[in-house]
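Notes for the structure review
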Amino acid sequence: MNKPNKVEFKVWGKYALFTDPLTKIGGEKCSYHIPTYEALKGIISSVYWKPTIVWIIDKARVMKKIRTQTRSAKPIDYSGGNSLAIYTYLTDVGYQVEAHFEWNKYRFDLEKDRNENKHFFVARRMIEKGGRRDTFLGTRECQGYVEPCRFDEGVSDYDDYGELAFDLMFHGFDYPDESGKPELWARFWRPKMVNGIIDFIRPDKCTIKKFVRKMKAEKIQTDGLGEHGLLEGYVESEVAQ
Amino acid sequence: MSWMHRLYETYENCKSMVGKIEDDNQVPLLPICHTTQKAQIEIVIDEDGNFRRAKVIPKKQARTIIPCTEASGGRTSGEAPHPLCDKLQYVAVDYSKFTGSESYYQAFSEHLSDWSKSQDAHPKVLAIFKYVQRGKVIEDLISCKILHVGVDKMLLKKRRETKKDKETIDVFDLLPGRENKKKDRIENWQADAFVRWIVEKEGEECPKTWEDRTLWNKWIDYYSNKKNQRGLCYVTGEEKPYAEQHPAKLRTDGDKAKIISSNDWGGFTFLGRFTDTKENNTYQTCGIGFDVTQKVHSALRWLISRQGVVFYVKDGVKASPALTIVAWAVSGAQIPKPTDDAFAILGEENLVSDESSVVSTAQELALRLKNKIAGYKAGLGDTSSVVIMGLDSATPGRMAITHYTELTGSDFLERLEHWHESCAWIHDYGVIEQKESKKVKRKYVRFVGAPSPKDIAEAAYGSKVDDKLKKATVERILPCIIEGRQVSRDIVESVVHRASNRVGLENWEWNKTLSIACALYRKLNEKEGYSMDLDENRKTRDYLYGRLLAAADCLESFALSLSEKKRPTNAARLMQRFSDRPCDTWKDIELYLTPYKARLGGRAKKYMDVIDRVMSMFDSPDDFTSNKPLSGEFLLGFHCQREKLKPKKNEPQSIDEESVLDKENENI
């Protein structure tokens, strides 16, 4: 990686639900007050992602006051029928995020695709377009919207707040395709929000980890455009200017 | 989320209060692996397991701290036995001989024997085990005349003959009734009696097993050693033995709802990428340390019992706990309840009764409240956190955390003070109950401050409001108190509307609704800056109309009181119409006043003066002649003017103060 390839964007929505695993098992989901690393990684991956790259979230800035709202839900059971539950969402959320990408070391087949400029410019363009796929803030029902921005612009509700420390929170999962091991690990950390800005630690720097289960990595290999049968029936020709 | 951390911290900070039973109605802060249960029978044995005596426990001393396992702590019916103290069904070998139904003694004795053989056994445990093994529990109780048998030598199902002596209590008085579905009535079933032990030994300082801390610790050690699955605790981040089940019984003793429950194996909630099954649960999703969850739930249960508010919802016949709001300081210091009204915060000692000749002004009463709240500051300190938590359940088995706010102590007190200042009015419905010989006398006391959310809900929707609506309204008002949000317009409109309909309510209820409406209207229009005293310079149409109505009402009421008639005044009857069409109705009211003016003669002067003055204050004739309906502001004018026109102590009563009827004050 030669040049810094930071992207900055803002994401906002009416509701967000970054579920706390402690409340998830019972079904009465309650949201964390700040987004998890994994949720933000998911958002930028929805905007633009290729198997060649791995997104790393650097910082996030909370723009709006943290407010919660409870809503009742009718979650459906496997066997038909439903139960009732109460979910606690964050309401009226807005974040500014700064992220950059690195190469996925474990995809050797994609070495030819490791073109910094290409991915960087496409990512920037996709942020301007609002994303290739739907973005959602935590859970699927919380629609999010993405726009480009400069990280420190604008006034946030927490500009002069000072420091706010959070207790042990979920950071993200180590999936086999990015860690190289056939295991699923969960990472945790203790975030600190200083004047609204949360500095995320890198996944490899997380010290508190938990082994979840054995997981097989999907062995996808691709030859890119050279794939057999992809361009069958097509002939290269010059386009008349 | 941080609620678990805060509760854990609170437990650690309040360690000195563990096990202290302050009030028999309240749940104490329990040591881990223990729960409380109401016991009915107390058996005294010696260190060798010989029966000495037994007695029936009076209700006030019934609450007992007993050791429990995860399974027995959350048991519903006939399964996991408690390790030491349990019902006769578990403890007595001869149960089936005397009742004819199955005894659960086997499971109980297995566990107890395991404990007595382990390295964490306690001499008391050995004694109890010896006694229980002899199998004469019920026999001994019968010979002591604690339990009663019939002619067939089986335990009686209900009392056979009436008690000779009304003072002594027997076991039938204390037993929880068991519903006999066939006969459709409650039966006192002696076998449901819960037993607790006392082991007497020479030199033993603490024969009572439920107060013996060494016994508690032995049980905790023994049970902790039995846990084998370990892993990362999601609360502390350390490796600890995992909890398999989490405690229930948080809001009330019979509450089966759990905050952390992993019962959703049949839904789409949390499986997905995790491969755990109910049979093979390796806690992939989430694991919590065993002692952590015990401490957290124990702290929560203690706090709810001590300083929480539980709202019940009627589900058919039963009332089950629903919304629960609890606020506490993490350091364990005392804080005022956010759901209290100003009267409850002040406390009875601070209020001056009507006897005194000094009539406190609104300012003095407000100042007293401010000082009381400021008094908590010293105990809290600046940096101590205050947590406000709201819990609710959609299904009887699970609870959700609907609110969670963490504030610094000073922030919390500031916001509470602001609430009581901005949403304040003069209220006259504070009740003090005084016991004089055998009667309970009720005194009504005036206080200044905000009404409680419960009272607001009742004022907005009626005293017979549906439980769910009451609960929802309280939930909506809570952010106004805690986060300083503005009250919702619809609640205010609803209260104002009900307060305008004077004939539809009884006198005490109307007065209460009136002052609550004034408080809420004042809060909604904070920027107008209404004062609680009469504002002689205010020229807004609605305010002046309110004053007019008050003057007419007081005049007529005074005249009626002189002639000792007790009918409602015309102004009272026409209040609803007045608020809809003030100008037309005023014409009628003024005409109705003529005979009373004539009757009073010179004594009517002060009321007529007010009416004249107010009439001249209307800015333009259009203001007066327009029939536009009045907003809630007229209630403010009405209340202030009525206060001003109220006679001082030496003058004859002209306002119906006596007709503030007795009302059962429900527990909040």
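Here we summarise the structure given alongside this text.

Reading the values: the criteria
- Residues numbered from 1 in each chain as written.
- Chains lettered and ligands numbered in written order.
- Predicted model: local features only at pLDDT ≥ 70, side-chain atom pairs only at ≥ 80, totals over all residues.
- Heavy atoms only, no water.
- Helix = DSSP H or I, 4+ residues; strand = E, 2+ residues; numbered from the N terminus.
- Buried < 20%, exposed > 50% of the residue type's maximum accessible area, 1.4 Å probe, protein only.
- Contact = heavy atoms within 4.5 Å.
- Areas by Shrake-Rupley, 256 points an atom, 1.4 Å probe, with all protein chains shown as cover.
- Salt bridge = Lys/Arg side-chain N within 4 Å of Asp/Glu carboxyl O.
- Polar contact = N/O pair within 3.5 Å; in protein donor to acceptor, adjacent residues only side chain to side chain.
- Nonpolar A, V, L, I, M, F, W, Y, C, P; charged D, E, K, R; others polar.
- Disulfide = S-S within 2.5 Å.

1. So, the overall build of chain A
Regarding its fold elements, chain A presents four helices and 12 strands. Taken along its principal axes, the extent of the C-alpha atoms in chain A is 60 × 50 × 35 Å. Counting only residues that meet the buried cut, chain A has 48% of its 241 residues in that class. A sequence separation of at least 24 residues applies to 70% of the contacts in chain A between residues at least 6 apart. Looking at chain A as shown, the accessible area adds up to about 13,200 Å², and 50% of this sits on carbon and sulfur atoms.

2. Points about the environment of Met608 of chain B
All names here are of chain B. Within the fold, Met608 resides in helix H22 (residues 605-617). Distance in space between the C-alpha atoms of Met608 and Leu380 is 53 Å, their sequence separation being 228 residues. In this structure, Met608 is in contact with Leu555 and Lys597, ignoring residues within four places of it in sequence.

3. Here's the deal with the interface of chain B and chain A
Taken together, the contact pairs 47 residues of chain B with 35 residues of chain A. Glu28 of chain A serves as the salt-bridge partner of Arg398 of chain B, at 3.0 Å between the closest nitrogen and oxygen. In this assembly, chain B and chain A are joined by six residue pairs in polar contact (both at pLDDT 80 or more). Counting only elements with at least two residues in the side of chain B that touches chain A, the list comes to helix H1 (2-13), strand E12 (385-395) and strand E13 (398-408) of chain B. Ranked by residue count, the leading element in the side of chain B that touches chain A is E13 of chain B, at six residues. When its residues are assigned to classes, the side of chain B that touches chain A shows 22 nonpolar, 17 polar and eight charged.

4. Here's the deal with the environment of Arg476 of chain B
Tracing the backbone through its elements, the reader meets Arg476 of chain B in helix H15 (residues 467-482). Dropping the residues within four chain positions of it, Arg476 of chain B is found in contact with Tyr461, Ser488, Asp490 and Ile491 of chain B.

5. Looking at the state of the cysteines
All names here are of chain B. Overall, the coordinates contain zero disulfides over all chains when judged by the stated rule. For the unlinked cysteine Cys33, the closest cysteine sulfur is that of Cys68, found at 7.0 Å. The exposure class of Cys33 is buried, given its relative accessible area of 1%. Distance from the sulfur of Cys554, which forms no disulfide, to the nearest cysteine sulfur (Cys640) is 12 Å. Of the residues examined, Cys554 reaches a relative accessible area of 0% and is grouped as buried.

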